[in-house]
Amino acid sequence: IILKKAHVMNFRTSDINQSVNILRSDGDFEPITVVEFFQRTIEKYPNVDALAYKDENGCWQKITYAEYKEQVEKFAKVLIRMGLKQRGVVAILAWNSPQWVMAALAAIHAG
């Protein structure tokens, strides 16, 4: 196995409209957004388990990528209806849970 070392470039900006390159792999990988990566994963694996958690009775519950997408999109719509604008800010104060992960992705989708 031959691994290529990625070329890392650090940039800092305070302008939210300025793009920032964080990692460049010299053309080995196409850069994509979190939303694009999420959509591609859902298209490839809609019925595969994406998340697993223990419910209040200690039993494992699973969420497929299709279910995950549905919950993320519902919450993203709620954030937009609540007034979240593009490049807006969302603070998530919660315990580690599937809902926290869904809220984070919903904020990315909505804003």
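Further up the page is the structure itself.
Reading the values: rules and limits
Residues numbered from 1 in each chain as written. Predicted model: local features only at pLDDT ≥ 70, side-chain atom pairs only at ≥ 80, totals over all residues. Heavy atoms only, no water. Helix = DSSP H or I, 4+ residues; strand = E, 2+ residues; numbered from the N terminus. Contact = heavy atoms within 4.5 Å. Areas by Shrake-Rupley, 256 points an atom, 1.4 Å probe, with all protein chains shown as cover. Salt bridge = Lys/Arg side-chain N within 4 Å of Asp/Glu carboxyl O. Patch = residues over 30% accessible without salt bridge, like charges linked within 9 Å, V, L, I, M, F, W, Y side chains within 5 Å. Buried < 20%, exposed > 50% of the residue type's maximum accessible area, 1.4 Å probe, protein only. Lys, Arg positive; Asp, Glu negative; His and termini not counted. Polar contact = N/O pair within 3.5 Å; in protein donor to acceptor, adjacent residues only side chain to side chain. Core = buried A, V, L, I, M, F, W, Y, C linked by side-chain atoms within 4.5 Å. Axes fitted to C-alpha atoms, helices over the stretch in contact; angles between N-to-C directions. Parallel < 35°, antiparallel > 145°, perpendicular 65-115°, else oblique. Left-handed = near helix turned anticlockwise from the far one by under 90°. Nonpolar A, V, L, I, M, F, W, Y, C, P; charged D, E, K, R; others polar.

(A) Focus on the overall build of the protein chain. On a plain count of helices and strands, the protein chain comes out with three helices and four strands. Element order for the protein chain, N to C, with α for helix and β for strand: β-β-α-β-β-α-α. Within the protein chain, counting contacts between residues at least 6 apart in sequence, those at least 24 apart form 44% of the total. By element, 55% of the accessible surface of the protein chain is carried by carbon and sulfur atoms, the whole surface being about 9400 Å².

(B) Layout of the side chain of Thr64. Mapped onto the fold, Thr64 is located in strand β4 (residues 60–64). Setting aside its immediate chain neighbours within four residues, Thr64 contacts Pro46, Asn47, Val48, Asp49 and Ala50.

(C) The arrangement of the pattern of salt bridges in detail. Considering all chains together, one arrives at three salt bridges under this definition. With its nearest N and O atoms 3.8 Å apart, the salt bridge here joins Asp49 to Lys62. Residue Asp49 is found in strand β3 (residues 49–54), and its partner Lys62 is found in strand β4; the two are separated by 13 residues along the sequence.

(D) Seen up close, a nonpolar patch on the surface. Among the surface-exposed residues, Phe75, Val78 and Met82 lie close enough to one another that they form a single nonpolar patch of about 300 Å² accessible area. With respect to the helices and strands, the residue Val78 is situated in helix α2 (residues 65–81). Among the residues examined, Val78 registers a relative accessible area of 37% and is labelled partly exposed.

(E) View of the side chain of Asp55. Take Asp55: it is sitting in the loop between β3 and β4. Lys54 provides the closest opposite charge to the buried, unpaired Asp55, separated from it by 9.0 Å. At 2.9 Å, the side chain of Asp55 and the backbone nitrogen of Asn57 are in polar contact. A distance of 3.0 Å separates the side chain of Asp55 from the side chain of Gln61, its partner in a polar contact.

(F) Region of interest: the nonpolar core. If you look at the biggest cluster of nonpolar residues, it comprises 15 residues, and the most contacted ones within it are Phe38, Tyr68, Val72, Leu79 and Met102. Counting residues per element, the ones that place at least two in this core are α1 (34–44), α2 and α3 (98–110). With near-sequence residues (within four places) excluded, Met102 lies in contact with Leu51, Ile63, Tyr68, Gln71 and Val72.

(G) Layout of the packing of α1 against α2. Remark: α1 packs on α2, axes separated minimally by 9 Å, with the N-to-C direction vectors making an angle of 140°. Classified by the interaxial angle, the pair formed by α1 and α2 is oblique. The element α1 and its partner α2 pack so that their crossing is left-handed. In contact with Phe38, Gln39, Thr41 and Ile42 of α1, α2 contributes Tyr65, Tyr68, Lys69, Val72 and Glu73. Of the residues belonging to the contact of α1 with α2, the class tally is five nonpolar, two polar and two charged.

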